[in-house]
Amino acid sequence: MKMYQTKSTFFLLFVIIFSYSFIRSVTAQEVEDESEFDYQKGNKGPHRWGEIKKEWSACKKGGMQSPIDLSNQRVKIIPNKLGKVTKSYKPSNATLKNRGHDISLQWDIGKAGSIKINGTEYFLHQCHWHSPSEHTINNRSYDMELHMVHMSKDNKLAVIGVLYKLGCHNVFLSKLMSHITSMADTHEEKHLGMIDPSQIKLGHKKYYRYMGSLTVPPCTEGVIWTISKKVRTVSREQVKQLRVAVHDYAEQNARPLQPIHSRDIHLVDGVISKGKN
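If you're wondering where the values come from, they're calculated on a predicted model, not measured in any experiment. (Residues numbered from 1 in each chain as written. Predicted model: local features only at pLDDT ≥ 70, side-chain atom pairs only at ≥ 80, totals over all residues. Heavy atoms only, no water.)

Moving on: the pairing of strand S12 (residues 206-213). Summarising burial for S12: six of the eight residues are buried, a large majority. Here S12 runs beside strand S15 (residues 265-269); their pairing, made up of four bridges, is antiparallel. Its bridge partner being in S15, lysine 206 is matched across the sheet by aspartate 269. By the bridge criterion, seven bridges tie S12 to strand S13 (residues 221-228) in an arrangement that is antiparallel. Paired with glycine 212 across the strands is valine 223, a residue of S13. (Buried < 20%, exposed > 50% of the residue type's maximum accessible area, 1.4 Å probe, protein only. Helix = DSSP H or I, 4+ residues; strand = E, 2+ residues; numbered from the N terminus. Pairing = 2+ DSSP bridges.)

Here's what the structure looks like:
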């Protein structure tokens, strides 16, 4: 009996330590203190991010920075089996945060499911919105862009992006809008209870894939980007409310386009399929 209790205690301690280090590594990846940077043309703007802190040097010196223009002239079409994404999301407790520079919906890492890319599992951590879009397609900008940020157990990052144009309201965003408007210009956060990320519509027959970076400091590189080719819709009022909610300097919170250099952009001819939860 004592041996069983000892093993149980050791296992519980291992889980706690692993979970703590995993969560800590995730939250350290993307700066949440928006007072350290902004989206204007001054000393804290995007063109100066790489000079503000040594840890942010990739923002200036990196060779695989995001966002980029997804130009048809550079795209290479590859079959689905070489770039397949399988998603296995599930409802989990979520917290809505006004981070000043954006609105973020965050789940406990590992609790809301994951995606698999090339056999590697990436756990969903959070999603957030940019307006206007950060990525462009053939130099066309869109009205909003959603990023779903995932991380593997060895701290590798994968982001799914969805572009939106003005049109019908976005159903998932509608469920959050009353909470978003109530926290305008604050650093408030709200615990929303169970939110199902599978209700965010992602799947389409074609999507772009390239290697890039986070689009906010520290601009960490090595991020696998998967961006749906299908442009979805969002209402003008929803875009307006997202802009009103964040701080004034971030009403247009899109980082400028970055050089592509010699990177490949793949167009995966397949689907973002649903796996087993």
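As a further point, take the nonpolar core. Formed by 49 residues in total, the largest nonpolar core has its most connected members in Leu105, Trp129, Met148 and Ile180. If near-sequence neighbours (up to four positions away) are discounted, isoleucine 180 is found in contact with Leu96, Ile103, Leu173, Gln241, Leu242 and Ala245. One finds Leu157, Leu163, Tyr208 and Val223 within the second-largest nonpolar core, a separate group that totals 19 residues. (Core = buried A, V, L, I, M, F, W, Y, C linked by side-chain atoms within 4.5 Å. Contact = heavy atoms within 4.5 Å.)

Moving on, we get to the side chain of serine 133. Within the secondary structure layout, serine 133 lies in the loop between strand S7 (120-130) and strand S8 (136-137). Reaching out from serine 133, the side chain makes a polar contact with the backbone oxygen of histidine 135 at a distance of 2.9 Å. Looking at serine 133, its side chain comes within polar contact range of the side chain of serine 141, at 3.5 Å. Residue contacts for serine 133: discarding those within four places in its chain leaves Ser141, Tyr142, Asp143, Met144, Glu145, Leu163 and Ala254. (Polar contact = N/O pair within 3.5 Å; in protein donor to acceptor, adjacent residues only side chain to side chain.)

The next thing to look at is the state of the cysteines. Per the stated rule, a full pass over the model turns up one disulfide. A disulfide bridge connects cysteine 59 with cysteine 219, and the sulfur atoms are separated by 2.1 Å. With the S-S bond torsion at 95°, the cross-link from cysteine 59 to cysteine 219 turns out right-handed. Taken as a pair, cysteine 59 in helix H3 (residues 58-61) and cysteine 219 in the loop between S12 and S13 lie far apart in primary sequence, 160 residues in all. Across the pair, exposure class does not vary: cysteine 59 and cysteine 219 are buried alike. (Disulfide = S-S within 2.5 Å.)

Across the interface, helix H4 (residues 171-182) lies against helix H5 (residues 236-245) with an axial gap of 10 Å and an inter-helix angle of 35°. Our pair here, H4 against H5, has a crossing hand that is left-handed. Along the contact surface, H4 presents Leu173, Ser174, Met177, Ile180 and Thr181, while H5 presents Gln238, Gln241, Leu242 and Ala245. (Axes fitted to C-alpha atoms, helices over the stretch in contact; angles between N-to-C directions. Left-handed = near helix turned anticlockwise from the far one by under 90°.)

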